[in-house]
Amino acid sequence: ELPQFMKKLEIYDGENPRRRIVTKNAVKFALLTWVRTKELRFATKREFENLEGSDPLWRIPADRMKMKREHLIPLSTEAVMIAKEAISSTEAEFVFPGNKSIKPLSENTMIYALYRMGYIGRQTVHGFRGLASTWANEQLIEIGDPPIWIRKFHEDWVELQLAHVEGNEVRGAYNAAEYLAPRRQMLQDWSDFIVQQKELG
C-alpha cells in the first residue's frame, strides 16, 4: 500500500497551510531517515552538516538517542532537499517547529496526520523503521559463476542506521565503525524506491 500512502501524504490537507507543510516534511523526513519520533522532533539547525556538499550529514547528539550514543545519519538527495527547505522556512532553532515556533513539533503531530490520512491502527511513524528495515534486508544481488544471491546491504549497516545496540557485547565494545559510505548508498537507494512508489500512486 506504499504507493497509495505516498499519494495521500502528498495531498495531505489536515491543518492550516503553514503547519501542513511542516508536518508533511517531518513525516517524509522520518520515512527517509529511519529515525525515532523524538530524534526528529528535536532536530536543530546546527546538527546538519555539509548540506551543500557531497557528504551531507545529520549528527544527532547522544543525549537524544535511546542508546545514549551520537548517531550519524548520511542524507539522501531527497532528505537534503527537505532539510534545506525546512531550515530556510523558519527562524526557529528547531528544524520542524511546533505551533509557537520556539518549541519543537508536538509528539502527536505526525501520528495524528497519519490518523487523518486513514491509517489509525494500520501505520505509525515508528512503523516506518520496520518498513525500511524489511526492505533493506530483502535486497539481494546476484554474483559469481555459478551465480549465487547475497545481501545487498549488510545487516550491520541496517542495524546501525536504526541505531540499534550491538548484541554481542565484546564485538560492540570494539566495533566503532559508522559505515557512512555504504549507509549513504543504502539510504539513497531507499529514497529512490520511495520516489518510485510515489510515482506509482
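Just so it is clear, the structure is predicted and the values come from calculations on it, not from any experiment.

Chemist: Tell me about the confidence of the model for the protein chain, and please be specific about residues and values.
Modeler: For the protein chain, the average pLDDT comes to 91, and 94% of its residues sit at 70 or higher. The weakest mean pLDDT in the protein chain belongs to helix α8 (residues 169–174) at 42; the strongest belongs to strand β1 (residues 48–49) at 98. Here residues 168–176 is a poorly scored stretch, pLDDT under 50, and it has six contacts once near neighbours within four places are set aside; other chains count.

Chemist: Please give an account of helix α1 (residues 2–10) that cites residues and values.
Modeler: Among all positions of α1, only L2, P3, F5, M6 and L9 are buried. Seen along its axis, α1 keeps its buried residues to an arc of 160°; they face one direction. Buried residues along α1 sit against α2 (17–33), α5 (109–116), α6 (127–138) and α9 (180–200).

Chemist: Can you tell me about the sheet that holds strand β2 (residues 57–60), naming the residues and giving the values?
Modeler: On the basis of which strands lie adjacent, the open sheet formed by three strands has the order β1-β2-β3 and antiparallel pairing. Only two strands of the sheet have a single neighbouring strand rather than two, namely β1 and β3 (71–74).

Chemist: Let's hear about the pattern of salt bridges: which residues, and what values?
Modeler: Taken as a whole and judged by the stated rule, the model has 14 salt bridges. Here E10 makes a salt bridge to K28, at a shortest N to O gap of 3.0 Å. Residue E10 is located in helix α1, and its partner K28 is located in helix α2; the two are separated by 18 residues in the primary sequence. E10 gets classed as partly exposed once you look at its relative accessible area, which sits at 29%. When the shortest N-O distance is used, the salt bridge between E178 and R69 registers 3.5 Å. Here E178 is found in the loop between α8 and α9, whereas its partner R69 is found in the loop between β2 and β3, with 109 residues between them in sequence. Salt bridges here are not isolated pairs; linked through shared partners, they connect E10, K28 and K198.

Chemist: Explain the pairing of strand β5 (residues 148–151) to me, using residue names and the numbers behind them.
Modeler: As judged from the four bridges shared by strand β4 (residues 140–143) and β5, these two strands associate in the antiparallel manner. Along β5, the bridge assignment pairs L140 with R151. Between β4 and the antiparallel strand that follows it, β5, lie four residues; G144 among them carries a positive phi value of about 80°.

Analysis parameters
- Residues numbered from 1 in each chain as written.
- Predicted model: local features only at pLDDT ≥ 70, side-chain atom pairs only at ≥ 80, totals over all residues.
- Heavy atoms only, no water.
- pLDDT = per-residue confidence, 0-100.
- Helix = DSSP H or I, 4+ residues; strand = E, 2+ residues; numbered from the N terminus.
- Contact = heavy atoms within 4.5 Å.
- Buried < 20%, exposed > 50% of the residue type's maximum accessible area, 1.4 Å probe, protein only.
- Arc of directions from axis to C-beta.
- Pairing = 2+ DSSP bridges.
- Salt bridge = Lys/Arg side-chain N within 4 Å of Asp/Glu carboxyl O.

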